[in-house]
Amino acid sequence: NDLKSIKDVYKKDFLIGNAIAAEDMEGIRLDLLKKHFNVMTAGNAMKPDALQPTKGNFTFADADKLVDKVLSEGFKMHGHTLVWHQQSPAWLNTKVDASGNSIPLSREEALTNLRTHIKTVVEHYGNKVISWDVVNEGMNDNPTNPSDWKAALRQSPWYQAIGPDYMEQAFLAAREVLDAHPNWDVKLYYNDYNDDNQNKSKAIYYMVKELNEKYAKTHPGKLLIDGVGMQAHYNMSTNPSNVELSLERFISLGVEVSITELDVQAGSDFKLTDEVADAQGYLYAQLFDIYKKHAANISRVTIWGLDDGTSWRSSTNPLPFDKNLQAKPAFTGVVDPT
Ligand code: XIL
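Read on for an overview of the structure. Source: prediction; values computed, not measured.

**Some remarks on the site of the ligand**
- Taken together, the neighbourhood of the ligand is formed by 13 residues, with Lys47, His80, Asn136, Glu261 and Trp304 sitting nearest.
- His80 has a polar side-chain atom sitting 2.7 Å from an oxygen atom of the ligand.
- Within the side chain of Gln87, one N or O atom sits 3.3 Å away from an oxygen atom of the ligand.
- Out of a free accessible area of 410 Å², the ligand has 76% covered by protein chains.
- Residue classes in the shell around the ligand are distributed as three nonpolar, seven polar and three charged.

As structure tokens, this is what we get:
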């Protein structure tokens, strides 16, 4: 068909990504992905529950098949995700006590599990990925005092077992692997949502700043955290000015910034009126205007799924293609932002 190609439009600006499962890597879905995108994220296949369901039992087969297929089709691959409070097996950081209650593992045991998972997975995929989300969604929403970022950390099972330095420990473990392979080019990201909330983006800013400054004292000129990922799960009330403020704040850290999981919820019950579809298109256009303006500091913009029918938020029609893979006004917003 005669649609513009998203990746061609942004060829000089940033990589353009999508989130996929194995069934997207064939037929017309693969054709559409190849036309518009050049980097893939596994929507689920590389999460902790998929890669190490039980202790020491690394189940790489399905993810390996997907990654190898993605690379053989000419895409790059981004790794998602090493440390998260969801889609992670309980044994990683909790145990069951004598009364049958789930309690945190000891700091030592949890740290060992954290490090083993990260090091094994980063080593396994090596240079096949361009980057990893090392820690995903580690910050509370709308923290009251963002400069006290440790107090703003989500009280996740990892936090409960290890304490606030689980964050630094996670990046150090991944960094150790990369240091042992200086020929690999893999960037380490912190990734989170509600990135347009100013208090939350400030807390992330202070965290990355402090951890990178501390690391640079012993590793002059080197970064511990290479990048910040803005998930960008937005809705029709999202204010693009807040998105830009957060983006500029992250850029000011001197790290890479990527938009990692973009979608914009609109309508409901799988219905989208023409009016709302146009408004959604306009919001996509405003966002891509901002991304283009800051393109020199944005590495990748990834849209979270190919079409409304298979989106994780399907009922709210959040993507540029509808369930029949037809381009919506949101698509026009992406390719013709101004
Ligand atoms: C979502 C997937 O798209 C769904 O298929 C799954 O059921 C739940 O997770 N933030 C993230 C992603 O970092 O991993 C999530 O992906 C969406 C929110």
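Having put the structure on the table, let's press on.
**Points about the packing of helix α9 (residues 198-218) against helix α10 (residues 240-251)**
- Packing of α9 against α10 brings their axes to within 10 Å, and their N-to-C directions diverge by 5°. The angle between the axes of α9 and α10 places the two elements in the roughly parallel class. Mapping the contact onto sequence places Gln198, Ser201, Lys202, Ile204 and Tyr205 in α9 and Asn242, Leu245, Ser246, Arg249 and Phe250 in α10.
- For the contact of α9 with α10, the residue count by class is four nonpolar, four polar and two charged.

**What about the pairing of strand β1 (residues 15-20)?**
- Extensive coverage of β1 is indicated by the burial of five of its six residues.
- Two strands pair when backbone bridges link them, and β1 and strand β11 (residues 298-303) are joined in this way by four bridges, in the parallel orientation. Counterpart to Ile16 in the pairing with β11 is Val301.
- For β1 and strand β2 (residues 39-42), the ladder comprises four bridges, and the chain directions are parallel. When the bridges of β2 are listed, Gly17 appears paired with Val39.
- This β-α-β element, β1 to helix α2 (residues 27-36) to β2, shows right-handed connectivity.

**A few points about unusual backbone geometry**
- Put simply, His80 and Thr81 share a cis peptide bond, and its omega is 0°.
- You can see Thr81 is positioned in strand β3 (residues 76-83).
- For Asn142, which is not glycine, the phi dihedral falls at a positive 45°.
- Checked against the element boundaries, Asn142 lands in the loop between β6 (131-136) and α6 (149-152).
- In this model, Ala232 sits at a positive phi of 65°, which is unusual for a non-glycine residue.
- Mapping Ala232 onto the fold places it in the loop between β8 (227-230) and β9 (233-235).

What counts and what doesn't
- Starting from 1, residues in each chain are numbered consecutively following that chain's sequence as written.
- Given that the model is predicted, a residue must reach a pLDDT of at least 70 before its local features are reported, and side-chain atom pairs must reach 80 or more before they are shown or counted; all residues, however, enter totals for whole chains, interfaces and linings.
- Note: side-chain values were computed over all heavy atoms of the structure, leaving out hydrogens and water.
- Here, proximity means that at least one heavy atom of the residue falls within 4 Å of the molecule or strand.
- In protein, a polar contact means a hydrogen-donor-capable atom and an acceptor-capable atom, both N or O and within 3.5 Å, with residues adjacent in sequence counting only if both atoms are side-chain atoms; elsewhere, any N or O pair within 3.5 Å suffices.
- Working definition of accessibility: Shrake-Rupley area with a 1.4 Å probe, residue cover restricted to the visible protein chains.
- Here the nonpolar group is Ala, Val, Leu, Ile, Met, Phe, Trp, Tyr, Cys and Pro; Asp, Glu, Lys and Arg are the charged ones; every other residue, Gly included, is treated as polar.
- Between N-to-C directions, angles span 0 to 180 degrees; the directions come from axes that are lines fitted to C-alpha atoms, helices contributing only their stretch in contact.
- Helical segments are the DSSP runs of H or I of at least four residues, strand segments are the runs of E of at least two, and each set is numbered from the N terminus.
- Every angle not falling under 35 degrees, over 145, or within 65 to 115 is termed oblique; those three ranges are roughly parallel, roughly antiparallel and roughly perpendicular.
- Between two residues, a contact is recorded if the distance between any of their heavy atoms is within 4.5 Å.
- In this scheme, a residue with accessible area under 20% of its type's maximum is buried, one over 50% is exposed, and one in between is partly exposed, where area comes from a 1.4 Å probe on protein chains only.
- Only strands joined by at least two bridges in the DSSP assignment are considered to pair.
- Handedness of a crossover is defined as follows: with both strands directed away from the viewer, a clockwise route from the first strand across the helix to the second makes it right-handed.

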